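Results of the structural survey
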Amino acid sequence: MKETQTLETKSTSLETIERICGSEAIVKCLIAEGVDILYGYPGGAIMPVYDELYKYQGKIHHVLTRHEQGAAHAAQGFARISGRVGVAMATSGPGATNLVTGIADAQIDSTPLVCITGQVPSHLLGSDAFQETDIVGISTPVTKWNHQVTKASEIPEVIAKAFYIARSGRPGPVLIDITKDAQFGELDFKYEKCTGVRSYIPVPKINLDSVKAAADLINSAKKPMVVWGQGIILSEAEKELKAVIEKAGIPAAWTIMGASALPTSHPLNIGMVGMHGNYAPNKLTNECDVLIAIGMRFDDRVTGDLNTYAKQAKVIHFEIDPAEVNKNVHADVAVLGDAKASLTQLLPLLNETSHDAWLQEFKDLYAIEFENVIKNDINPTKEGLTMGEVLKEINKQSEGNAAIVSDVGQHQMIACRYSEFNKTKSNITSGGLGTMGFALPAAMGAKMAAPEREVVAIIGDGGFQMNIQELGTIFQQKIPVKIVVLNNEFLGMVRQWQQLFFDKRYASTEMTNPDFVTIAKGYYIEAKRVTKREELADAVKEMMASKESYFLEVCVEKEDNVFPMIPSGASVSDIRLS
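Residues numbered from 1 in each chain as written. Predicted model: local features only at pLDDT ≥ 70, side-chain atom pairs only at ≥ 80, totals over all residues. Heavy atoms only, no water.

1. Focus: the sheet that holds strand S14 (residues 290-294)
Taken together, six strands build an open sheet; the order of strands is S13-S12-S11-S14-S15-S16 and the sheet is parallel. Two strands close off the open sheet at either side, each with one partner strand: strand S13 (269-272) and strand S16 (333-336). Pairwise comparison of adjacent strand axes, ignoring direction, gives a mean angle of 20 degrees for this sheet. With five bridges connecting them, S14 and strand S15 (residues 314-319) associate as parallel partners. Note on S15: the bridge partner recorded for Ile294 is Phe318. Packing of helix H14 (residues 339-346) onto the sheet brings it into contact with S14, S15 and S16, and relative to S15 it is tilted by some 130 degrees. (Pairing = 2+ DSSP bridges. Helix = DSSP H or I, 4+ residues; strand = E, 2+ residues; numbered from the N terminus. Axes fitted to C-alpha atoms, helices over the stretch in contact; angles between N-to-C directions. Contact = heavy atoms within 4.5 Å.)

2. Things to note about the confidence of the model for the protein chain
Looking at the protein chain, pLDDT values average 96 and 97% of them are 70 or higher. Counted against residues more than four places away or in other chains, residues 1-7, with its pLDDT under 50, gives 14 contacts. (pLDDT = per-residue confidence, 0-100.)

3. Points about the sheet that holds strand S8 (residues 173-179)
Strand pairing in a sheet relies on backbone hydrogen bonds. The paired strands run either parallel or antiparallel. Strand order in this open sheet of six strands is S4-S3-S5-S6-S8-S7, and the pairing throughout is parallel. Of all strands in the sheet, those bounded by a partner on one side alone are strand S4 (61-64) and strand S7 (145-149). When the angles between neighbouring strand axes are averaged without regard to direction, this sheet yields 20 degrees. As paired strands, strand S6 (residues 113-119) and S8 are joined by seven bridges and run parallel to one another. Counted as the bridge partner of Gln119 is Thr179 from S8. With respect to the sheet, helix H3 (residues 68-82) is in contact with strand S3 (37-40), strand S5 (86-90) and S6, its orientation differing from that of S5 by roughly 170 degrees.

4. Some details on the nonpolar core
Within the largest apolar cluster, 99 residues are counted, with the highest numbers of intra-cluster contacts made by Trp228, Leu291, Ile294, Leu346 and Val554. Broken down by element, this core gets its largest block of residues, seven residues, from helix H15 (residues 356-378). When residues of this core are assigned to domains, at least three map to each of domain 2 (208-361) and domain 3 (383-556). Discounting residues that sit within four places of it in the chain, Trp228 has contacts with Leu241, Ala252, Ala253, Trp254, Thr255, Gly258, Ala261, Leu262, Asn269, Ile294 and Met296. Counting residues in each nonpolar core, the second largest holds 51 residues, with Ala71, Ala104, Leu175 and Ala446 among its members. (Core = buried A, V, L, I, M, F, W, Y, C linked by side-chain atoms within 4.5 Å. Buried < 20%, exposed > 50% of the residue type's maximum accessible area, 1.4 Å probe, protein only. Domains from an automatic or database assignment.)

5. Remarks on the side chain of Gln412
The topology assignment puts Gln412 in helix H17 (residues 410-418). When residues no more than four places from it in sequence are discounted, the contact partners of Gln412 are Ile256, Ser406, Asp407, Thr429 and Ser430.

6. As for unusual backbone geometry
Between Phe563 and Pro564 the backbone carries a cis peptide bond, its omega angle lying at 0 degrees. Within the secondary structure, Pro564 sits in the segment after strand S22 (550-555). Even without being glycine, Asp503 reaches a positive phi, approximately 55 degrees. When you line up the elements, Asp503 lands in the loop between helix H21 (492-501) and helix H22 (516-522).

7. Quick look at the environment of Arg19
Structurally, the position occupied by Arg19 is in strand S2 (residues 18-21). Placed 167 residues apart in sequence, Arg19 and Glu186 show a C-alpha to C-alpha distance of 6.8 Å. Aside from chain neighbours lying at most four places away, what touches Arg19 is Glu186, Leu187 and Asp188. A distance of 3.3 Å separates the side chain of Arg19 from the side chain of Glu186, its partner in a polar contact. Only 3.2 Å separates the side chain of Arg19 from the side chain of Asp188, close enough to count as a polar contact. (Polar contact = N/O pair within 3.5 Å; in protein donor to acceptor, adjacent residues only side chain to side chain.)

8. Quick word on the pairing of strand S11 (residues 224-228)
Counting buried positions along S11 gives five out of five residues, so the element sits mostly inside the fold. Neither face of S11 is exposed, since Pro224, Val226 and Trp228 on one face and Met225 and Val227 on the opposite face are all buried. Of the pairings in the sheet, the one linking S11 to S14 comprises five bridges and is parallel in character. Bridged to Pro224 within S14 is Val290. In the sheet, S11 pairs with strand S12 (residues 252-254) via three bridges, with the strands oriented parallel. In the strand pairing of S12, Trp228 is matched with Trp254.

9. Notes on the pattern of salt bridges
Enumeration according to the criterion identifies 27 salt bridges in this entry. Between Asp321 and Arg170 there is a salt bridge, with its nearest N and O atoms 2.8 Å apart. Residue Asp321 is located in the loop between S15 and S16, and its partner Arg170 is located in the loop between helix H7 (155-167) and S8; the two are separated by 151 residues in the primary sequence. Classification of Arg170 by relative accessible area gives partly exposed; the value is 22%. A salt bridge links Arg417 to Glu369, with the shortest nitrogen-to-oxygen separation between them at 2.7 Å. (Salt bridge = Lys/Arg side-chain N within 4 Å of Asp/Glu carboxyl O.)

Below you can see the structure in the form of structure tokens.
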């Protein structure tokens with residue numbers, strides 16, 4: 001048994017006592033936590049809960065996805081755009097294991113999820129009963145916390161704890177496995193929201209001496225540089241970030257998970273770091289004298305070769321999770337705590353200044369990147385369409401207000417590089433796990449969580465086919481999401497590596513694809529294919545004007561590559577423009 005399963009909790013009472021069955025208790029717990037939408041797929045071991053959901057249809061909306069992985073990703077999309085906890089549900093055995101990829105994705109990308117799985121009756125546990133799988137054991141490495149419930153009386157406290165743990169501190173996924181006899185059993189129901197767990201400190205107390213030390217380093221810096229990550233978005237510290245960099249005049253770059261926290265057009269926004277990030281922030285990481293990392297974890301795709309990463313700089317790390325400090329990059333000053341609170345403490349200690357000459361270095365390198373890469377991506381002279389010009393047209397039609405949900409591959413890097421963001425929580429992608437098949441179901445969840453926003457899924461032809469069945473969910477639920485497949489008839493990112501590093505041996509990367517437009521129309525979704533440049537603007541305009549779901553396939557150049565690029569294991573200084 002995991003030690004955290006026995007931890008004492010603090011709670012706030014929300015319900016009076018009544019006698020009900022465990023499955024009804026589960027539904028009432030979800031409602032008490034404010035859950036109005038959940039994603040899932042029924043089966044034998046979770047059927048009692050589905051029977052109760054049927055009775056509560058007016059209070060909680062269940063979305064039947066076409067695959068449990070789709071349910072997990074949809075819950076992620078819901079959570080990422082709303083800041084709320086996403087909920088997914090599945091039966092035992094294969095239903096539960098099909099959730100695992102989405103759970104692992106949520107864990108590494110700090111997405112708050114509560115996943116509920118059914119389980120065989122407790123007297124059959126360990127007997128290899130039909131559809132029995134040890135999902136608690138399987139999911140332990142990829143959950144923030146998990147627990148198996150075998151008695152109805154345990155349900156309210158465990159669910160309350162699950163929501164608290166999922167959303168508090170550094171968010172993450174929690175799994176609750178509930179045996180079928182616990183669902184049928186009765187309990188005296190009283191729901192109390194969890195407000196604390198003994199020995200669990202989700203947000204470290206800020207050390208003001210560390211904040212002062214950070215401010216001193218920043219105030220004395222000649223070439224400071226900020227790199228922010230998703231921690232800014234999770235802590236809702238967008239205004240504080242903007243205030244800090246504007247007061248101190250600091251150029252600021254972002255990881256793909258931090259994209260959209262600061263408007264793309266902001267004069268101090270110097271672009272994306274990482275393997276396919278912008279030339280200037282990658283190159284000048286190894287020339288800054290103070291590197292201020294905020295809510296990011298120094299992922300290997302950001303740092304490249306750690307032996308050569310920012311060795312000349314003093315490093316300040318603002319981080320909520322103590323385990324991330326000094327894990328990959330040594331911090332000269334570590335400020336533990338919530339990013340919003342930490343930056344609020346930092347702001348009054350900073351001198352008002354500017355670093356115009358330093359900022360000009362970024363502008364000069366951007367001009368080099370524009371001439372060698374960007375110009376050819378968004379204003380191509382070649383006959384075939386490029387992914388970059390598709391994103392440029394979407395930016396124009398959406399005026400930078402759309403939420404972009406990208407899958408994984410070349411199109412993902414192009415979407416992150418060229419999307420224009422005016423609003424936070426506008427870049428939803430699979431960052432740490434790199435899960436193909438993420439975008440279509442995640443876009444469904446995002447649109448349902450934020451129906452007032454335009455949600456555009458940018459997907460490659462490979463990733464699209466991994467969860468293509470969720471077109472059925474979109475049709476049945478009437479979700480007006482816009483789906484753009486950039487079709488190069490390759491697993492493009494793998495093909496690019498094969499071209500650059502494996503002498504163009506395109507082993508198992510060329511795709512023979514079906515007629516995507518016909519498939520979309522088979523799901524009663526309006527669809528169009530674009531093969532020529534002169535067709536693109538009108539097609540995107542038609543898609544964006546549609547009040548219903550819309551599928552647009554754009555056939556792009558088959559062997560275009562994404563640059564700049566830092567070769568795997570190389571220094572950020574070795575970033576290539578071609």
